[in-house]
Amino acid sequence: MDNKHLSKPTTFYAIGLSYKKADADIRGKFSLDTNAKQALLDQATLAGIESLIVTSTCNRTEIYGFAEHPFQLIKLLCDNSSGTVEDFQKVAYVYKNQEAISHLFKVGTGLDSQILGDFEIISQLKTAFTESKSKNLMNAFLERLINSVIQASKKIKNETEISSGATSVSFAAVRYIFNNVENISNKNILLFGAGKIGRNTCENLVKHTKHEQITLINRTKDKAERLARKLNVIVKDYTDLQLEIQKADVLVVATGAQNPTVDKAILNLKKPLLILDLSIPKNVHENVQDLNNVTLVHMDHLSQMTDETLENRKKHIPAAEAIIEEIKEEFITWTKGRKFAPAIHALKAKLNTIKEKELSSQRKKSSNFDEEQAEMISNRIIQKITNHFANHLKDENTMVDESIEWIEKIFQIEAK
């Protein structure tokens, strides 16, 4: 697993931060848009990093990759986001080797999600994999690991009920609106943003309200119009945002902007307004709360609203963990095999060399030498000896690196 540019051995790390310790503001500082991710991958290539993937969602930003020291990966993250090393140290985690592998399995299968059983992350991991592979930042180890995580995720989805029942940030937002806004059937809802969360929220709203109550605005109007045609809601121009907010009783902000798109300067309100901010980084400025008739609720608050659905999902955690364990075990067996296969091949070649010398010597000594039988017996003995070594190396208590070194010394071989 040596780095292709550096002679020092590298270790597999997972570094990052998530909703568990980092609030929305800090996660916003470390969030990476498409351009930042590309820049990070390019910088990794220049730094001689052999293999890595990067993901950034509203709940987490993480890098999984090979480095001599985790700081190389932390530096990549801080250089390409507005977060600092000091910020990172307060809320972050760094895992290595087995712990890093286990963490990726938990994340990729929705066990570490803010909403248990949320499988959004797996499509983001697939995208991250494609982006890294296109820049030659994917070695056999990481490729096999990602594929194992995808396999585990699929199996958990199909064989357990950890994703049963409707629950997501958008679902929680809609439930919050219905629980907190009186006479909702007579109120106007304005949705600003037609990204994934915006689309999901709009779909959930349409299921539970009258279509004419919902107005949709997006910076790029054609995206909003495509969604509006599908869901039969009204679309207005981005330039009408200020005017439409005045008419609204509920404003749902789900844009992907890096800076706030709504602040108190654009609010010229004639009636109370409930604002739900479903964006990371936050897209509604805290200063809107200076106004008496504004209520601001952020996504982090919504995600804490657990319900029976989530309680039911928890029952399926052991079944999901058993699937992870089984697929992770297969992966670890494969990594060990990759490590010791060259040593076993070299050992076999060495024993074959000894055999050839011995057979050649016996051929000269004996006139009625049975070549075929000697060959067969020797090969069987060699196979049995190499099997013993392979079984020793496969044992989970074996220190593989030390054992390989020991085999190479005794038999004076060098694994290729």
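Above this note sits the structure.
Note that this is a predicted model, so its numbers are computed, not measured. (Residues numbered from 1 in each chain as written. Predicted model: local features only at pLDDT ≥ 70, side-chain atom pairs only at ≥ 80, totals over all residues. Heavy atoms only, no water.)

Asks: Hey, could you run me through the pattern of salt bridges in this one?
Replies: If you walk through the whole model with that rule in mind, you get 21 salt bridges. A salt bridge links Asp112 to Lys20; the shortest N-O distance between them is 2.6 Å. Of this pair, Asp112 sits in the loop between helix H5 (97-108) and helix H6 (120-134) while Lys20 sits in the loop between strand S1 (11-18) and helix H1 (24-30), placing them 92 residues apart in sequence. For Glu375, the salt bridge identified is with Lys355, shortest N-O distance 2.6 Å. In this pair, Glu375 sits in helix H15 (residues 371-394) while Lys355 sits in helix H14 (residues 317-365), placing the two residues 20 residues apart along the sequence. (Salt bridge = Lys/Arg side-chain N within 4 Å of Asp/Glu carboxyl O. Helix = DSSP H or I, 4+ residues; strand = E, 2+ residues; numbered from the N terminus.)

Asks: Can you walk me through the nonpolar core in this structure?
Replies: Judged by nonpolar contacts, the single largest core of 69 residues is most densely connected at Phe12, Leu145 and Leu276. Per-element tally for this core: the top contributor is helix H7 (residues 140-159), with eight residues. For Leu145, the residues in contact, after removing those within four places along its chain, are Phe12, Ile101, Leu104, Phe105 and Phe331. The next biggest cluster of nonpolar side chains, apart from the first, holds 24 residues, and it includes Phe30, Ala36, Leu41 and Cys78. (Core = buried A, V, L, I, M, F, W, Y, C linked by side-chain atoms within 4.5 Å. Buried < 20%, exposed > 50% of the residue type's maximum accessible area, 1.4 Å probe, protein only. Contact = heavy atoms within 4.5 Å.)

Asks: Before we go on, may I ask you to explain the sheet that holds strand S5 (residues 189-192) in this structure?
Replies: Across a sheet, strands are paired by hydrogen bonds formed along the backbone, either parallel or antiparallel in direction. Taken in spatial order, the six strands of this open sheet run S7-S6-S5-S8-S9-S10, and their pairing is parallel. Each edge of the open sheet is held by one strand with a lone partner, namely strand S7 (234-235) and strand S10 (294-298). Relative to strand S8 (residues 250-253), S5 runs parallel, the two being bridged by four bridges. Directly across from Phe192, in S8, lies its bridge partner Val253. Packed onto the sheet, helix H8 (residues 169-180) meets S8, strand S9 (273-277) and S10 and runs at close to 165° relative to S9. (Pairing = 2+ DSSP bridges. Axes fitted to C-alpha atoms, helices over the stretch in contact; angles between N-to-C directions.)

Asks: Could you clarify how one ought to interpret the sheet that holds S1 in this entry?
Replies: Taken in spatial order, the four strands of this open sheet run S2-S3-S1-S4, and their pairing is antiparallel. Edge strands, defined here as strands with exactly one partner in the open sheet, are strand S2 (52-56) and strand S4 (93-96). Looking at each pair of strands side by side, their axes are set apart by 15° on average, direction ignored. Two elements, S1 and S4, share four bridges in a ladder whose sense is antiparallel.

Asks: How should helix H16 (residues 400-410) be read in this particular structure?
Replies: Regarding H16, the residues found buried are Val400, Ser403, Ile404 and Ile407. The arc that holds every buried residue of H16, seen down its axis, measures 100°, which confines them to one face. Within H16, the exposed residues directed more than 90 degrees away from the buried face are Glu402 and Lys409. In the core, the buried residues of H16 are packed alongside H14 and H15. Positive phi shows up at Gln412, right after H16, with a value of about 50°. (Arc of directions from axis to C-beta.)

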